[in-house]
Amino acid sequence: MRRISWLAATIVLATCAWAQQPDVHKIAEQVDHRYNDLKTLQATFTESYRGNGISRDESGTLYLKRPGKMRWDYIQPRPKLFVTDGKVAWFYVPGEQQARRAPVKALDDLRSPLRYLLGHTKLEKEFKGLSLAPDVAPLEAADVVLRGVPKGMEDTIAQVLLEITPDRHIRSITIEEVDGTTTQFRLSDQKENVAVADQRFKFKPPAGVETVEAGDLTLGN
């Protein structure tokens, strides 16, 4: 009788534990709903890069505006700018004599996965094999981590880890490339639907600065 009772209790506990597991489909839908309803987003970001014997940490302010507009104002450890109006992207380091320009469609940049945040797309369509990542410790205990591979980037990216807060903000995006390098973007102080002028996503090289057409705009300079 004791064995039967113990077995029944074990089954009940296991069933409860299974029932409490987060539903990846529901989480993805909730994240979609939060970001697809936004028109603009402003956040403080920290970017950390590890790989090829290099360790680099940078921070600044990120602006997103529908449709497809992004502006990364790097502040630390030195100013630099990555900006796109949805059609053309620019990369410029103040004081340098060249500014690089590339069409958005030609970009092969790790920031590309962030563009979906303010678009009418779905996480489960953007990421192949989107699933829970219970083996990855989140930055905050109450968060949940999802993993997947951006569709069309399988040759270069091994996986992307998305840390999701209880209110379905994306706290961090960690991109692990097939060569072992890792880039993490942490987002904090997120402000929704703030006024951001379209002009902020335009760029005109300063006088005397040469424009260089580029195939991609890697910011690891």
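Structure: above.
These notes cover the structure that comes with them. Within each chain, residue numbers correspond to sequence positions counted from 1 in written order. Local features in this predicted model are restricted to residues of pLDDT 70 or higher, and side-chain atom pairs are both shown and tallied only at a pLDDT of 80 or more, whereas totals for entire chains, interfaces and linings draw on every residue. Side-chain metrics in this entry use all non-hydrogen atoms of the structure; hydrogen atoms and water are not considered.

### Examining the overall build of the protein
(1) Moving on: Secondary structure counts use DSSP, requiring at least four H or I residues in a row for a helix and at least two E residues in a row for a strand, with both numbered from the N terminus. Looking only at helices and strands, the protein features three helices and 12 strands.
(2) Moving on: Scored against the burial criterion, the 221 residues of the protein give a buried share of 43%.
(3) Moving on: In the protein, the proportion of contacts linking residues at least 24 apart, taken out of those at least 6 apart, comes to 52%.
(4) Moving on: If you sum the accessible surface of the protein, you get close to 12300 Å²; carbon and sulfur atoms cover 53% of it. The classification of residues rests on relative accessible area computed with a 1.4 Å probe and restricted to protein chains. Under 20% of the type maximum is buried, over 50% is exposed, and intermediate values are partly exposed. Any two residues whose heavy atoms approach within 4.5 Å at even a single point are treated as in contact. The method behind every accessible area is Shrake-Rupley, applied with a 1.4 Å probe, and residues are considered shielded solely by the protein chains displayed.

### Some points on the environment of proline 206
(1) Moving on: For proline 206, the location among the structural elements is in the loop between strand 11 (182-192) and strand 12 (210-213).
(2) Moving on: Along the chain, proline 206 and glutamate 96 lie 110 residues apart, while their C-alpha atoms are 10.0 Å from each other.

### Points about the nonpolar core
(1) Moving on: Among the buried residues, those of types Ala, Val, Leu, Ile, Met, Phe, Trp, Tyr and Cys that are joined through side-chain atoms within 4.5 Å form a nonpolar core. Membership of the largest hydrophobic core comes to 31 residues, with the highest contact counts inside it found for Trp72, Leu162 and Ile164.
(2) Moving on: Top contributing element to this core by residue count: helix 2 (residues 24-36), with five residues.

### With respect to the packing of aromatic side chains
(1) Moving on: Centres within 6.5 Å make a pair out of two Phe, Tyr or Trp rings, where for Trp the six-membered ring is used; the pair is then stacked when the planes are under 30 degrees apart, edge-to-face when over 60, and tilted otherwise. Throughout the structure, instances matching the rule amount to five aromatic pairs.
(2) Moving on: Centroid distance tryptophan 90 to phenylalanine 203: 5.1 Å. Interplanar angle 55°. Geometry classified as tilted. Taken as a pair, tryptophan 90 in strand 5 (residues 88-92) and phenylalanine 203 in the loop between strand 11 and strand 12 lie far apart in primary sequence, 113 residues in all. Each member of the pair, tryptophan 90 as well as phenylalanine 203, is classed as buried.
(3) Moving on: Between tyrosine 92 and phenylalanine 203 the ring centres are 5.6 Å apart and the planes differ by 40°, which places this aromatic pair in the tilted class. Remark: phenylalanine 203 occurs in the loop between strand 11 and strand 12 and tyrosine 92 occurs in strand 5; sequence separation between them is 111 residues.
(4) Moving on: What makes tyrosine 92 buried here is its relative accessible area of 9%.
(5) Moving on: Phenylalanine 203 sits in the buried class, given a relative accessible area of 18%.
(6) Moving on: Among the aromatic residues, those joined into a cluster by ring pairs are Phe45, Trp72, Tyr74 and Phe185.

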